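Structural description and commentary
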Amino acid sequence: MVKPIHVLSGPNLNLLGTREPEIYGKDTLDDVRVRCEARAAARGLSVVFRQSNHEGVLIDWVQEARTEASALVINPAGYGHTSIALLDALKTLNIPVIECHLSNPAAREEFRRHTFVSLAATGLVSGFGAASYELAIEAAAGLISVD
Ligand code: DQA
């Protein structure tokens, strides 16, 4: 039995759909969850989909992924640009880590152009709105080892 892909979303993403929709789109986080579940199911996989506004909670979930996940998809939101503690937690993982952003932070303000999370990521998907999450699931599915 392959372990689920854990999908974590950071602060303010609970407001997806109403938060700056011109940047982040009109899909809600629940819409994104449904799309991720469908994409994973098509590959015979499941997802555990979670969001928190709290850095420590996200770190607890990253640590949980060490034993409970086959891969981790993470949209760290603002913490990607600030949190060395989140980076340190991600560096303890021995599974694929896909960093995911709805927008393309590299094409936005200067302070968004660096993410600490990238230092621990296997790869990065950004700029495709809710589809970034689906593409991240696809990428994770292609990297999961099934032995
Ligand atoms: C984001 C980009 C971040 O810069 C921002 O702080 C977010 C969302 C994205 O998904 O595009 O909250 O991670």
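Rules used throughout
Residues numbered from 1 in each chain as written. Predicted model: local features only at pLDDT ≥ 70, side-chain atom pairs only at ≥ 80, totals over all residues. Heavy atoms only, no water. UniProt positions renumbered as here; feature names shortened; annotations may be inferred. Helix = DSSP H or I, 4+ residues; strand = E, 2+ residues; numbered from the N terminus. Buried < 20%, exposed > 50% of the residue type's maximum accessible area, 1.4 Å probe, protein only. Contact = heavy atoms within 4.5 Å. Pairing = 2+ DSSP bridges. Axes fitted to C-alpha atoms, helices over the stretch in contact; angles between N-to-C directions.

Some details on the UniProt feature "binding site: substrate" (unreviewed entry) in the chain
Per the UniProt record, the feature "binding site: substrate" (unreviewed entry) sits at Asn75, His81, Asp88, Leu102, Ser103 and Arg112. A maximum C-alpha distance of 24.2 Å among these annotated residues, which run over 38 residues, shows that they spread across the structure rather than meeting at one spot. Locating Asp88 in the fold gives a position in helix H4 (residues 84-90). Note on placement: Ser103 falls in the loop between strand S4 (97-101) and strand S5 (123-126). A relative accessible area of 10% places Ser103 in the buried class. In contact with Ser103, not counting residues within four places along its chain, are Ile23, Tyr24, Arg108, Ser126 and Gly127.

Comments concerning the UniProt feature "active site" (unreviewed entry) in the chain
On the UniProt side, "active site" (unreviewed entry) is annotated at positions that read Tyr24 and His101 here. In sequence the annotated residues extend across 78 residues, while in space they remain close, none of their C-alpha pairs exceeding 9.2 Å. Looking at the secondary structure, you find Tyr24 in helix H1 (residues 21-24). Judged by relative accessible area, which is 8%, Tyr24 ranks as buried. With residues up to four places along the chain from it excluded, the contact list for Tyr24 reads Leu16, Arg19, Leu102, Ser103, Arg108 and Arg112. Following the sequence through the fold, His101 ends up in strand S4.

Points about the sheet that holds S5
Overall, parallel pairing links the 5 strands, which are arranged S2-S1-S3-S4-S5 in an open sheet. Edge positions in the sheet fall to strand S2 (47-51) and S5, since each of these pairs with one other strand and no more. Looking at each pair of strands side by side, their axes are set apart by 20° on average, direction ignored. Alignment of S4 against S5, held across 4 bridges, turns out to be parallel. Bridge pairing links His101 to Ser126 in S5. Contacting strand S1 (5-9) and S2, helix H2 (residues 29-41) crosses the sheet at an angle of about 165° to S2.

What to know about the side chain of Ser9
Considering the arrangement of structural elements, one finds Ser9 in strand S1. For Ser9, a relative accessible area of 0% gives the class buried. The residues touching Ser9, leaving out its near neighbours within four places in the chain, are Leu29, Arg50, Gln51, Ser52, Leu58, Asn75 and Tyr133.

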